[in-house]
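Observations on the three-dimensional arrangement
Given next are the chains, with one letter for each unit.
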Amino acid sequence: MKPFAPACERNRDPILTVLRQQFADRQRVLEIGSGTGQHAVYFAGAMPQLSWQCSDRAEHLPGIRMWLEEAALPNTPEPLELDVGSHWPAQRYDAVFSANTLHIMAWDEVEALFAHLPQITTEDARLAIYGPFNIDGRYTSDSNAAFDQSLKARGAHMSIRDAAAVDALAAKSGFNLIADIAMPAHNRCRIWQRG
Ligand SMILES: C[S@@+](CC[C@H](N)C(=O)[O-])C[C@H]1O[C@@H](n2cnc3c(N)ncnc32)[C@H](O)[C@@H]1O
């Protein structure tokens, strides 16, 4: 049976609205941490001008393949194994998307993700990251505070990240914040431009 994440059904339309605008002139998107693959088939189906490259750790690839094979879209290549701490593709992309991953990765993995961006992106690449962020070290809602407690109970390495700390990693890799869009359920879509 295909893996299924109910949250993807809830957040896919608000995210699609952002990506239609932010990726309007993009061609090759790398998605990091595709999870189930639900976002990929929805976004690739809605934006057929994009090649949407899924990636994730090896254990997620069979589930992603199930979604891609069922949808049989012409613009979703075979998913790549990508662990930000080790496996990276040789190709370059003009857009990178990732949803709900920074709080799951350990901080040194978040650092590794941003450190590798220059080698897998074009000079004018755009980066879009969806998920919860803290502002000035504070939660933006009670629900995010409770979510962070539940993350920490699952694993001490997991935590909602501070927006400024993530922006600093992006800047070190040559990506500047160009938009910070409020999303439902106290999430954000933060967009950075390379160069
Ligand atoms: C909460 S899930 C989000 C999945 C999907 N993007 C979504 O929004 O439903 C977190 C994802 O981050 C991925 N992830 C965690 N650590 C990773 C790492 N070191 N490298 C690449 N992906 C990682 C997990 O495998 C998982 O697919």
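The structure displayed is predicted, hence computed values, not measured ones.

Our focus in this paragraph is the site of the ligand. Lining the immediate surroundings of the ligand are 17 residues, of which Gly 33, Asp 56, His 60, Val 84 and Ala 99 lie closest. Here a nitrogen atom of the ligand and a backbone polar atom of Ala 99 are 2.8 Å apart. Considered on its own, the ligand offers 590 Å² of accessible surface; in the complex 87% of this is hidden by protein. Looking at the shell around the ligand residue by residue, the class counts come to 6 nonpolar, 7 polar and 4 charged.

Core analysis: the largest hydrophobic core is formed by 27 residues, its most contacted members being Leu 19, Phe 23, Phe 43, Trp 52 and Phe 97. The set of elements that each furnish at least two residues to this core consists of helix H1 (6-22), helix H2 (38-46), helix H3 (61-71), strand E5 (93-99), strand E6 (121-131), strand E9 (175-183) and strand E10 (187-194). In terms of nonpolar packing, the next biggest core, distinct from the first, is built from 24 residues, Ile 120, Ala 125, Ala 163 and Trp 192 among them.

Applying the stated criterion to the full structure yields 5 aromatic pairs. Where Phe 43 meets Phe 97, the ring centres are 5.7 Å apart and the plane angle is 90 degrees; that geometry is what we call edge-to-face. Remark: Phe 97 occurs in strand E5 and Phe 43 occurs in helix H2; sequence separation between them is 54 residues. Phe 97 carries the same exposure label as Phe 43, and that label is buried. Relative to Phe 97, the ring of Trp 52 has its centre 5.7 Å away and its plane inclined at 55 degrees; by these criteria the two rings are tilted. Placement of the pair is Trp 52 in strand E2 (residues 51-53) and Phe 97 in strand E5, with a sequence separation of 45 residues.

Glancing now at the environment of Gly 155. You can see Gly 155 is positioned in the loop between helix H5 (142-154) and strand E8 (161-162). C-alpha of Gly 155 to C-alpha of Ala 106: the two residues are 49 residues apart in sequence and 9.3 Å apart in space.

Moving on to the sheet that holds strand E1 (residues 28-31). What the 6 strands build is an open sheet, ordered E2-E1-E5-E6-E10-E9; its pairing is mixed. Lying at the two open borders of the sheet, with one neighbouring strand each, are E2 and E9. For this sheet, the mean angle separating the axes of adjacent strands, direction not counted, is 20 degrees. Two strands pair when backbone bridges link them, and E9 and E10 are joined in this way by 8 bridges, in the antiparallel orientation. The partner of Ala 179 across the bridge, within E10, is Ile 191. With respect to the sheet, H1 is in contact with E2, E5, E6, E9 and E10, its orientation differing from that of E9 by roughly 145 degrees.

Conventions we followed
- Residues numbered from 1 in each chain as written.
- Predicted model: local features only at pLDDT ≥ 70, side-chain atom pairs only at ≥ 80, totals over all residues.
- Heavy atoms only, no water.
- Near = heavy atom within 4 Å.
- Polar contact = N/O pair within 3.5 Å; in protein donor to acceptor, adjacent residues only side chain to side chain.
- Areas by Shrake-Rupley, 256 points an atom, 1.4 Å probe, with all protein chains shown as cover.
- Nonpolar A, V, L, I, M, F, W, Y, C, P; charged D, E, K, R; others polar.
- Core = buried A, V, L, I, M, F, W, Y, C linked by side-chain atoms within 4.5 Å.
- Buried < 20%, exposed > 50% of the residue type's maximum accessible area, 1.4 Å probe, protein only.
- Helix = DSSP H or I, 4+ residues; strand = E, 2+ residues; numbered from the N terminus.
- Phe/Tyr/Trp six-rings, centres within 6.5 Å; stacked < 30°, edge-to-face > 60°.
- Pairing = 2+ DSSP bridges.
- Axes fitted to C-alpha atoms, helices over the stretch in contact; angles between N-to-C directions.
- Contact = heavy atoms within 4.5 Å.

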